[in-house]
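# Chain and residue survey
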Amino acid sequence: MTQAISTDLVGSHNQDRRDAIRSEYDALGEILDRRDVDIDDIRDKVAAYGVAVPSWGVGTGGTRFARFPGPGEPRTIFEKLDDCGVIHQLTAATPNVSLHIPWDRPDDPAELRDKAASLGLGFDAMNSNTFQDQNDQPNSYKFGSLSHTDAATREQAVAHNLECIEIGAAIGSKALTVWIADGSNFPGQSHFARAFERYLDAMGSVYEALPGNWRLFIEHKIHEPAFYSTVIQDWGSSYLAAKELGDKAFCLVDLGHHAPSVNIEMIVSRLIQFGKLGGFHFNDSKYGDDDLDTGSINPYQLFLVFNELVDAEQHRVPGFNPAHMLDQSHNVTDPIESLMVSAMEVIRAYAQALLIDRSALEGYQDDNDALMASQTLKAAFRTDVEPILAMARMESGAAVDPISAYRQAGYRNRVAAGRPAGGGSSSGIV
Ligand SMILES: [Mn+2]
């Protein structure tokens with residue numbers, strides 16, 4: 001396997017921290033033991049957990065106003081995979097990459113699959129793109145894609161999604177995520193019901209083409225780029241579409257795609273209860289679809305989402321298997337650093353949710369003891385689980401402190417020499 005960061009460097013980095021981590025882990029183990037929690041069980045679950053990295057996340061993103069490229073941006077899907085390999089090598093938390101077509105369209109899918117395998121990576125859901133026009137396409141998506149009023153444009157969008165499935169099948173992916181930018185900017189511009197009907201009809205053709213073991217994820221978004229209405233604006237429309245399409249269609253929750261103050265963890269619970277939670281795009285936001293690093297603004301919300309996921313896992317909800325993916329845009333940080341931090345924040349939320357005293361919580365809920373129910377969640381959230389995460393990383397051969405090891409290795413400067421500025425591929429916010 002190819003390792004971009006010297007394993008000697010990682011080894012000596014960990015050696016320097018080994019005694020401290022062991023002592024912190026043992027101290028936390030005693031605290032958890034008093035709560036009847038076996039710290040090794042939590043560590044094993046943490047070690048087995050993975051969240052997928054989006055290929056577009058390793059490039060510098062932008063805003064509606066400007067994009068400020070960073071040094072050493074990956075120019076091709078192969079260079080993006082190299083960066084994803086670094087993230088996984090140092091965190092042991094991101095074994096899969098989620099690709100975007102056409103940005104990552106390979107000349108030869110087998111070559112892509114081999115490259116990923118050489119880095120110890122696999123592929124999560126494919127992402128189609130009908131929210132921008134490509135140079136060679138006959139019909140424009142300016143006024144929509146899968147829900148466009150023009151049949152030929154809808155057919156073109158369907159054909160693109162079928163190509164994504166075909167490429168994905170060749171590289172070992174088993175899901176397609178569809179987010180459309182279709183919507184309207186003005187009241188009256190679009191007939192809500194007819195647009196949704198056209199979408200369902202077109203998505204039906206995509207659904208029919210899914211291989212037997214594939215899943216279709218429908219990603220909703222309340223606004224942007226359409227500012228008055230979007231065709232799949234919220235989890236209600238997403239659920240209706242998933243229900244209409246069939247058993248292989250599910251809803252995908254991007255944490256930034258909701259109205260302000262929406263209770264996202266409750267949406268997660270509803271989708272779990274009715275068997276339609278397909279997966280996540282983790283990120284964080286303060287105002288809109290900010291695509292900030294996961295857990296950077298509202299870590300408690302992330303924890304509450306994981307409370308629902310662990311609850312479902314422990315109650316063995318049939319068919320429960322949501323895809324966990326990051327979806328962020330990095331404007332002012334090194335994308336590799338942001339993605340490493342976010343992967344660790346997602347795992348932190350998972351570990352904290354595993355610490356919830358669930359039988360106590362259920363007792364307080366039955367007794368209507370609001371204060372103690374809330375305190376039970378807080379007790380888990382307040383626990384500093386960093387020693388568990390660090391131990392899991394160290395034992396997996398990843399770095400105790402991934403950011404520090406990454407900086408020490410000088411990876412960014414090294415690749416910048418071979419990746420001239422201005423060559424960055426288009427990356428966006430989806
Ligand atoms: Mn997304």
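Residues numbered from 1 in each chain as written. Predicted model: local features only at pLDDT ≥ 70, side-chain atom pairs only at ≥ 80, totals over all residues.

## A look at the environment of glutamine 156
Applied cut-off: The helix and strand labels rest on DSSP assignments: H or I over at least four residues marks a helix, E over at least two residues marks a strand, and numbering proceeds from the N terminus.
Looking at the element boundaries, glutamine 156 is found in helix α5 (residues 151-171). Taking the C-alpha atoms as reference points, glutamine 156 and phenylalanine 78, 78 residues apart in sequence, are found 27 Å from one another.

## With respect to the packing of α5 against helix α6 (residues 192-208)
Quick reminder of the rule: The convention used is that axes are lines fitted to C-alpha atoms, helices contributing only their stretch in contact, and that angles between N-to-C directions extend from 0 to 180 degrees. In this scheme the crossing of two helices becomes right-handed for a clockwise turn of the near helix relative to the far one and left-handed for an anticlockwise turn of less than a right angle. The contact criterion used is a C-beta to C-beta distance within 7 Å, with each C-beta placed from the backbone. Residues are grouped as follows: Ala, Val, Leu, Ile, Met, Phe, Trp, Tyr, Cys and Pro are nonpolar; Asp, Glu, Lys and Arg are charged; all remaining types, including Gly, are polar.
At a minimum axis distance of 9 Å, the contact between α5 and α6 shows a crossing angle of 35 degrees. Viewed along their axes, α5 and α6 form a crossing whose handedness is right-handed. Only Arg198, Ala202, Ser205 and Val206 of α6 make contact with α5, whose side of the interface consists of Arg154, Ala157, Val158, Asn161 and Leu162. Here the residues of the contact of α5 with α6 are counted per class, giving five nonpolar, two polar and two charged.

## Focus: helix α10 (residues 335-354)
Every α-helix winds through 3.6 residues per turn, so residues three or four apart in the chain are directed the same way. Rule in force here: Expected helix span is given by 1.5 Å per residue-to-residue step, counting one fewer step than there are residues. To assign burial, the other C-beta atoms lying within 10 Å of each residue's own C-beta are counted, with C-beta atoms placed from the backbone; 20 or more indicates buried, 12 or fewer indicates exposed, and intermediate counts indicate partly exposed.
Over its 20 residues, α10 runs 29 Å from end to end, which matches the ideal 28 Å to within 8%, given 1.5 Å per residue. Summarising burial for α10: 18 of the 20 residues are buried, a large majority.

## Topic: the environment of methionine 394
One can find methionine 394 in helix α13 (residues 386-395). With 22 C-beta atoms counted inside 10 Å, the residue methionine 394 sits in the buried group. Sequence-wise, methionine 394 and alanine 93 are 301 residues apart; in three dimensions their C-alpha atoms are separated by 12 Å. In this view, methionine 394 contacts Asn14, Ile21 and Val400; residues no more than four positions away in its chain are not counted.

## Side note on the packing of helix α3 (residues 77-91) against α10
Worth spelling out the cut-off: For classification purposes, an angle smaller than 35 degrees is called roughly parallel, one larger than 145 roughly antiparallel, one from 65 to 115 roughly perpendicular, and anything else oblique.
Orientation of α3 relative to α10, taken along the N-to-C sense of each, is 40 degrees, at an axis distance of 10 Å. When the axis of α3 is compared with that of α10, the two are oblique. Crossing hand, α3 versus α10: right-handed. On the side of α3, the interface is formed by Asp83, Val86, Ile87, Leu90 and Thr91, while α10 contributes Ile336, Leu339, Met340, Ala343 and Met344. Looking at the contact of α3 with α10 residue by residue, the class counts come to eight nonpolar, one polar and one charged.

## Focus on the environment of valine 332
Looking at the element boundaries, valine 332 is found in the loop between β11 (323-326) and α10. Looking at valine 332, the number of C-beta atoms within 10 Å reads 9, which means it is exposed. Separated by 219 residues in sequence, valine 332 and arginine 113 place their C-alpha atoms 31 Å apart.

## Side note on the sheet that holds β11
Selection rule: A pair of strands is labelled paired if DSSP reports no fewer than 2 bridges between them.
Spatial strand order, β4-β5-β7-β9-β10-β11: six strands in an open sheet with parallel pairing. Among the strands making up the open sheet, the edge pair consists of β4 (126-127) and β11. Across four bridges, the pairing between strand β5 (residues 175-178) and strand β7 (residues 215-219) is parallel. Of the residues in β7, the one forming a bridge with alanine 175 is arginine 215. Its contacts with the sheet place helix α8 (residues 264-273) against β9 (249-254) and β10 (277-282), and it is angled at close to 165 degrees to β9.

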